[in-house]
Structure formats: structure tokens, C-alpha cells
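Commentary on secondary and tertiary structure
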Amino acid sequence: MADSPSSQKISDLSEEEIIRLFSGSSIPRGAMGIGDDCAASEGPGGLERLISTDLLVEDVHFRLDSINAEDLGHKALAVNISDIAAMGGTSDGYFLSLALPGMVSINWLQRFRNGLTDLAQKYDIPLLGGDTTRSESHIMISVTIMGIVNPDSLKLRSMAEPGDRICVTGPLGDSVAGLKILSHPHKYQSLSDNHRKKLIQRHCKPDPAVYEGKWLGQQDEVHAMIDISDGLLSDVRHIAEQSDCKIEIALDRLPLTPAFEAFCSIEGTDKQARELAAVGGEDYQLLFSVAESHISDLKDQFREKFGKPLYDIGKVTKREPRIVTLWDGSPVEVNEQKFKHFS
Ligand SMILES: Nc1ncnc2c1ncn2[C@@H]1O[C@H](COP(=O)(O)OP(=O)(O)O)[C@@H](O)[C@H]1O
Ligand SMILES: Cc1ncc(C[n+]2csc(CCOP(=O)(O)OP(=O)(O)O)c2C)c(N)n1
Ligand SMILES: [Mg+2]
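Residues numbered from 1 in each chain as written. Chains lettered and ligands numbered in written order. Predicted model: local features only at pLDDT ≥ 70, side-chain atom pairs only at ≥ 80, totals over all residues. Heavy atoms only, no water.

This part covers the overall build of the protein chain. Helix and strand content of the protein chain: 10 helices and 12 strands. Computed over the C-alpha atoms, the radius of gyration of the protein chain is 20 Å, within 12% of the 20 Å expected from 2.2 N^0.38 for a compact globule of 343 residues. Dimensions of the protein chain along its principal axes, counting C-alpha atoms only, are 55 × 55 × 50 Å. For the protein chain, the proportion of its 343 residues judged to be buried stands at 49%. Distance between charge centroids for the protein chain: 3 Å, based on 36 positive and 52 negative side chains. (Helix = DSSP H or I, 4+ residues; strand = E, 2+ residues; numbered from the N terminus. Rg over C-alpha atoms; globule rule 2.2 N^0.38 Å. Buried < 20%, exposed > 50% of the residue type's maximum accessible area, 1.4 Å probe, protein only. Lys, Arg positive; Asp, Glu negative; His and termini not counted. Charge placed at Lys NZ, Arg CZ, Asp CG, Glu CD.)

Considering the arrangement of structural elements, one finds R274 in helix α9 (residues 270-279). Once the C-alpha coordinates of R274 and E320 are considered, the two residues, 46 residues apart in sequence, prove to be 25 Å apart. At 3.3 Å, the side chain of R274 forms a polar contact with the backbone oxygen of L251. (Polar contact = N/O pair within 3.5 Å; in protein donor to acceptor, adjacent residues only side chain to side chain.)

Strand pairing in a sheet relies on backbone hydrogen bonds. The paired strands run either parallel or antiparallel. Sheet architecture is open: five strands sit in the order β1-β2-β5-β3-β4, paired in mixed fashion. Pairing within the sheet leaves two strands with one partner each, and these edge strands are β1 (39-42) and β4 (127-134). Recorded for the sheet is a direction-independent mean angle of 15 degrees between the axes of neighbouring strands. Bridge count between strand β3 (residues 90-100) and strand β5 (residues 140-149): nine bridges; the pairing is antiparallel. Paired with G93 across the bridge in β5 is M146. Sheet strands touched by helix α2 (residues 69-85): β2 (48-57), β3 and β5. Its angle to β5, the strand with the most contacts, is close to 35 degrees. Against the sheet, helix α3 (residues 106-122) makes contact with β3 and β5, and its axis sits at roughly 170 degrees relative to β3, the strand it touches most. (Pairing = 2+ DSSP bridges. Axes fitted to C-alpha atoms, helices over the stretch in contact; angles between N-to-C directions. Contact = heavy atoms within 4.5 Å.)

Our next topic: unusual backbone geometry. The phi angle at E282 is positive, at roughly 65 degrees, despite the residue not being glycine. Positionally, E282 belongs in the loop between α9 and β9 (286-291). If you check the backbone angles, Y284 has positive phi at about 55 degrees while not being a glycine. Summarising the element assignment, Y284 is placed in the loop between α9 and β9.

The next point concerns the site of ligand 1. Near ligand 1 the following residues occur: E15, I19, F22, I34, G35, D36, D37, D54, D83, R157 and S229. A distance of 3.2 Å is found between an oxygen atom of ligand 1 and a side-chain nitrogen or oxygen belonging to D83. Within the contact set of ligand 1, an oxygen atom lies 3.3 Å away from a side-chain nitrogen or oxygen of R157. Against a free-state accessible area of 560 Å², the protein chains account for coverage of 66% of ligand 1. (Near = heavy atom within 4 Å. Areas by Shrake-Rupley, 256 points an atom, 1.4 Å probe, with all protein chains shown as cover.)

This next bit is on the layout of surface pockets. Taken as a whole, the second largest pocket holds about 330 Å³ of empty space. In terms of lining, the second largest pocket is formed by 23 residues, of which the most central are R202, D207, E212, Q285 and K308. Elements represented by at least two residues in the lining of the second largest pocket include exactly α4 (174-183) and α6 (210-217). The element best represented in the lining of the second largest pocket is α6, accounting for three residues. (1 Å grid on protein atoms, 1.4 Å probe; cavity = no way out; pocket = protein on both sides within 12 Å on 5 of 7 lines; lining within 4 Å. Points joined across faces, edges and corners; volume = space filled by probe spheres on them.)

Turning our eyes to something else, we now look at the packing of aromatic side chains. Within this structure, the stated rule accounts for seven aromatic pairs. On the numbers, 5.9 Å between centres and 80 degrees between planes, the contact of W215 with F306 is edge-to-face. With W215 in helix α6 and F306 in helix α10 (residues 295-306), this pair connects stretches of sequence that are 91 residues apart. W215 gets classed as buried once you look at its relative accessible area, which sits at 10%. Centroid distance F302 to F306: 4.7 Å. Interplanar angle 45 degrees. Geometry classified as tilted. Separated by four residues within a single helix, F302 and F306 lie in helix α10, roughly one turn from each other. Through a chain of ring-to-ring contacts, three or more aromatic side chains come together here, namely Y188, F260 and F263. Sitting over the face of the ring of F306, K305 holds its NZ or CZ atom 5.9 Å from the ring centroid. (Phe/Tyr/Trp six-rings, centres within 6.5 Å; stacked < 30°, edge-to-face > 60°. Lys NZ or Arg CZ within 6 Å of the ring centre and 35° of its normal.)

Let us now look at the domain arrangement of the protein chain. Splitting the protein chain by domain gives domain 1 (32-151) and domain 2 (157-330). Computed over C-alpha atoms only, the centres of domain 1 and domain 2 are separated by 23 Å. Across the contact, 20 residues belong to domain 1 and 21 residues belong to domain 2. Between domain 1 and domain 2, roughly 1,800 Å² of surface is buried when both sides are summed, and carbon and sulfur atoms account for 52% of that area. Interface area lost by domain 1 to domain 2 is led by K75, S82 and Y123, which between them contribute 25%. (Domains from an automatic or database assignment. Buried area = accessible area lost by both parts, 1.4 Å probe.)

All told, the structure shown has 16 salt bridges when counted by the stated rule. In this structure, E212 engages K308 in a salt bridge whose closest nitrogen and oxygen atoms are separated by 2.7 Å. Note that E212 is positioned in helix α6 and K308 in the loop between α10 and β10 (311-316), a separation of 96 residues in sequence. Residue class for K308 comes out partly exposed when judged on its relative accessible area of 27%. Here K318 and E320 are joined by a salt bridge, their closest N and O atoms 3.6 Å apart. Residues joined in a network through salt bridges with shared partners are D36, D37 and R157. (Salt bridge = Lys/Arg side-chain N within 4 Å of Asp/Glu carboxyl O.)

Shown next as C-alpha cells:
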């Protein structure tokens, strides 16, 4: 892009357009840079080294009156662990960078640390370093994570093939419902405490699909994989574009929890519920493509290993990078009012 006049602001650009400003540098042969959940390069003992980073900013990714310190610590690491899982890898170290306003209480920071380190210990991921600085106003948390993966298990967004089925590892929409409850508590007063708690928990304390990602990575018939951070349709589009394939998603097959259905019944139709599940972000389920001939075996083995089902929600067709949403087999438009950082 040529240099723009100084009157143009980055709010005129999409996140993708901003990333494109920084892309295009040459990287070593065999390595992989911008464009997937992690960068990958040759690592120790013939393994691939994976690296990824994500930034959480107060009032963009979280509000201090909506998430407690422990959950925020957990979430900051969980979203990064999820990126390693989406490549079929195993996390083996992380860095933590913090920008903190001076008025943050020591107690808050200790509880943030507890949430973070509990999750790190659960998956045996050591903290290797980071950076700490003062911020004039907002809290910013950046985690950089490293992982390893056997080259044969590496799953990229570009690996889907026509004829594959599209699957997800769990229900969608709970996180966006949790966020809406936190943002407008009075609107959802009729929801039971149990449902409300579940949805808020799924928003504030996402559970990365660590073992599922590693196992799916080891399955040769699983082709492309990504984690759902931006929202199902947005992340399906990443696979469609990078694999140069058309992908059909059957909205009526999206897995929903009883809590999410109860939430949606307060103000919408069944179709609106599925639209929300298709665009709401931060689910951190894994989305992958698998050869159709293998899907039945894969579902059986997955259920045996993890005690829960895989959900088959669509298919990959011809080489034409776009997505189509279906309702009862017929194409329907979805209003994609997805979360946008800029324009
Ligand atoms: N400022 C940046 N400079 C270089 N690469 C970036 C920048 N921001 C994002 N990327 C890269 O662009 C790709 C897409 O980013 P993103 O959508 O944030 O991925 P994810 O959902 O996995 O976090 C990733 O490969 C990421 O590393
Ligand atoms: C206060 C607040 N507003 C809005 C959201 C919703 N939200 C923030 S980021 C995001 C999508 C994912 O964020 P991004 O930084 O793009 O993650 P990445 O794709 O890089 O993993 C969503 C749905 C939120 N969690 N909290
Ligand atoms: Mg990112």
C-alpha cells in the first residue's frame, strides 16, 4: 500500500488490512510466518517449533467490572494455549508482558497471577520471561507462547480439501451469550442462575481444547485446523480462503448448550440463536476438516477417548474461496455483525 494522506485513520482499515501492512517479509525456507494460528519453523530433534502471541487490552477484550482477576489470568494464557492446540501441538513455555496503571492493587495482581499459574501448572507450561511497564490508563496483557509438534501432525488453515467434512469439538455461542449477560444484566433477569453462571463462566474462563488438538493433529485424515476466536463463520472463512475451497456450513447442525438455548429464547427465534452461535466469538473450540471416508471412525474414536461427541456441521466443496450458510439445506444470508477491532 502506498503511503496514505495523514488525514486517513486506521479506523478506516480492517484488522486484515492493518496486518497486510506488515506482511511480505521473506522468511527461511521450510518456515511459516504470518497467516496461521502460530508461526512454525524447524525446532529441536526434528520437531516443528511453534510460536504465537495474543494481546488482551482493558475495555477491548475485558472490563474490570465484568471479569475477576483470577479468570483474566486464566483467559490470557488459555487463548494462547488454544493457538498451539489448533496447530496439533503441545505448549512448552510462555512469556508474559504487562502494562499496568499504578493504581492496580497488589491483591488484584496476585489473584491474576494465581489464575494464570494454575492453568500453566495444569498443563506444565513454564513461564520463561516477559516485560513489565507502566501504563497511563489501561491494563494490557500480552502472552507469547511456544510449542512443539511433530511435522506429520502439523495442521494448517490451508490444508482443507474438497470432499472433507467440517467439524467442531464442542458447542458454540456460550461465550458471546456470557458477554451479553455481563454487558446488559437487567435484560436477562429471567434466565436461571445455573444457566447464567454457565454462560458467564464460558466467557470468562474458556477451556482450551489441549488434548483434543494434540490427538486430532495425530490423525492423518484430519486436514485443516483452526481455533474459533473471532467467531465460527469468520474462522471458517480463514480456512476457505487459505485452502482455496468453498465451505458450506449447516446452521441447523450447530451444537448449542441448553443454557445458550435458554438465553436465546428470551429474545429471538431458533434461527437467530444459530446465527448468534455462528458469529459470536471467543468459543475456543477447534474447527477442522476431515476426509469424509474417515468421519464415522473419527467420531467413534473421539467419543471413546474424550467421552464427548464431535459435531459435523458442514462440508468442503470446490476450489472457490467462499463460504455458504445453509438452513434446512437451502442457502441463507447471515448478518455478520462480528466483533471488529477497527472499521
Ligand atoms: N501486527 C502484526 N504484525 C505481524 N503479524 C501479525 C500482526 N497481527 C497479527 N499478525 C498475524 O496475522 C495472522 C492472523 O492474526 P489473528 O487473526 O490475530 O490470528 P489468531 O486468531 O490466531 O490470533 C497471525 O498469523 C498473526 O500472527
Ligand atoms: C469488553 C469486551 N468487549 C468485546 C468483547 C468481544 N471480543 C473481544 S476480542 C474478540 C474476538 C477475538 O479477539 P482478537 O483480539 O481478534 O483475538 P485473536 O483472533 O487475535 O485470537 C471478541 C469477540 C469482549 N470480550 N470484551
Ligand atoms: Mg491474534
